[in-house]
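A look at the structure
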Amino acid sequence: MSNPYRQSYKQKLLDNASLAIFNCGLQSCSPNHSWGPGIRDHFLIHFVISGKGSYVCGGKTFHLKAGDLFLIKPSQVVYYVADPADPWEYYWVGFNGTNAQKLVSHLPFKDNMPVYTPHEFEEYKNYLYRIYTNSGNTIKHSTAMIGYLYLFLSRLMEDGT
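Note that this is a predicted model, so its numbers are computed, not measured. (Residues numbered from 1 in each chain as written. Predicted model: local features only at pLDDT ≥ 70, side-chain atom pairs only at ≥ 80, totals over all residues. Heavy atoms only, no water.)

Regarding the layout of surface pockets
Summary: where empty space remains is shown by rolling a probe the size of a single water molecule over the atoms. Stated precisely, the cut-off is as follows: A cavity here means a set of points on a 1 Å grid, drawn over the protein atoms and nothing else, where a 1.4 Å probe fits but cannot get out; a pocket is an open set with protein on both sides within 12 Å along at least five of seven lines, and a residue lines either one if it has an atom within 4 Å of a point. Grid points are joined across faces, edges and corners, and a volume is the space filled by probe spheres set on the points. Helix and strand definitions here come from DSSP, where helices need a minimum of 4 consecutive H or I residues and strands a minimum of 2 consecutive E residues; each element is numbered from the N-terminal end. All amino acids are sorted into three groups, where Ala, Val, Leu, Ile, Met, Phe, Trp, Tyr, Cys and Pro are nonpolar, Asp, Glu, Lys and Arg are charged, and the leftover types, Gly among them, are polar.
Put simply, the largest pocket is a space of about 220 Å³. Taken together, 17 residues make up the lining of the largest pocket; nearest its centre are Arg6, Asn23, Arg40, Tyr80 and Trp92. Going through the elements one at a time, strand S1 (5-10), strand S2 (20-28), strand S3 (34-39), strand S4 (43-50) and strand S9 (89-96) are the ones with two or more residues in the lining of the largest pocket. In terms of residue class, the lining of the largest pocket is built from eight nonpolar, six polar and three charged. Volume-wise, the second largest pocket comes out at about 150 Å³. Around the second largest pocket sit 13 residues that line it, and Ser2, Ser28, Ser50, Asp86 and Pro87 are the ones nearest its centre.

Structure below.
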C-alpha cells in the first residue's frame, strides 16, 4: 500500500470570470477516507487514477475504479469514500464562473448518472495534472490553468459524443 498524501491549491483570483479554477489537486487516500455528506458551492470533477471508492449522489451509490470521472454540482448533497482495501487516488479540479453551467451541460454527465468513464485515461490525467502544476496567483498561472481546463472540458465533450 502506498503512503497516503494530499497536494492541493486554492485559487485566489476569482473575479466574475466566465470560467475560473476554484481549486485543484491530487490525493492518494487512506483506507475509508471520506468527504461529506456535504455541499459544494462550485463544480468539481474528480478523476480516479488508481484504487477504488464510492460516490453517493442523489440517493444513488456509484462504485468507482481507476479511469472513472465523477461530477459534483453546486448545492448537491454528496458523499464519497475510499475503499477500505484498495483506497483510491484521484486528481480533481473545481471551477465556477458565468459560463460554468453552460459548459457542464455539454459534458457527458447526466443528472441520474454523474459518473463517466472516458476513452483516453492518460490524456485526461495529463490535463488535470497540468492544471495543478501550473497553479499560482499570477495572471500567467491563471491563464495556463484555465487553458488546460478548457482543453480538459473540450476533450470530455468530444469523448462523450
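Structure shown, so let's carry the discussion forward.
Concerning the packing of helix H2 (residues 121-133) against helix H3 (residues 139-159)
Stated formally: All axes are obtained by fitting lines to C-alpha atoms, using only the stretch in contact for helices, and the reported angles, taken between N-to-C directions, cover 0 to 180 degrees. When an angle is under 35 degrees it counts as roughly parallel; over 145 it counts as roughly antiparallel; between 65 and 115 it counts as roughly perpendicular; any other value is oblique. Here is the rule for handedness: rotate from the far helix to the near one, and if that takes an anticlockwise turn smaller than a right angle the crossing is left-handed, while a clockwise turn gives right-handed. Every residue pair with non-hydrogen atoms within 4.5 Å of one another is taken to be in contact.
In contact at an axis separation of 8 Å, H2 and H3 are set at 160° when each is read in the N-to-C sense. Taken together, H2 and H3 sit at an angle that is classed as roughly antiparallel. As for how H2 packs across H3, the hand of that crossing is left-handed. In contact with Glu123, Tyr124, Tyr127, Leu128, Arg130 and Ile131 of H2, H3 contributes Met145, Tyr148, Leu149, Leu151, Phe152, Arg155, Leu156 and Asp159.

Considerations on the pairing of S2
The criterion, for reference: Accessibility here uses a 1.4 Å probe with only protein chains present; expressed as a share of the type maximum, an area under 20% marks a residue as buried, one over 50% as exposed, and anything in between as partly exposed. For two strands to pair, DSSP has to find at least two bridges joining them.
Within S2, nine of the nine residues are buried, which leaves the element mostly enclosed by the surrounding structure. Relative to S2, S1 runs antiparallel, the two being bridged by six bridges. Residue pairing across strands places Arg6 opposite Gln27, the latter belonging to S2. Here S2 runs beside S9; their pairing, made up of eight bridges, is antiparallel. From the neighbouring strand, Cys24 faces S9, where its bridge partner is Val93.

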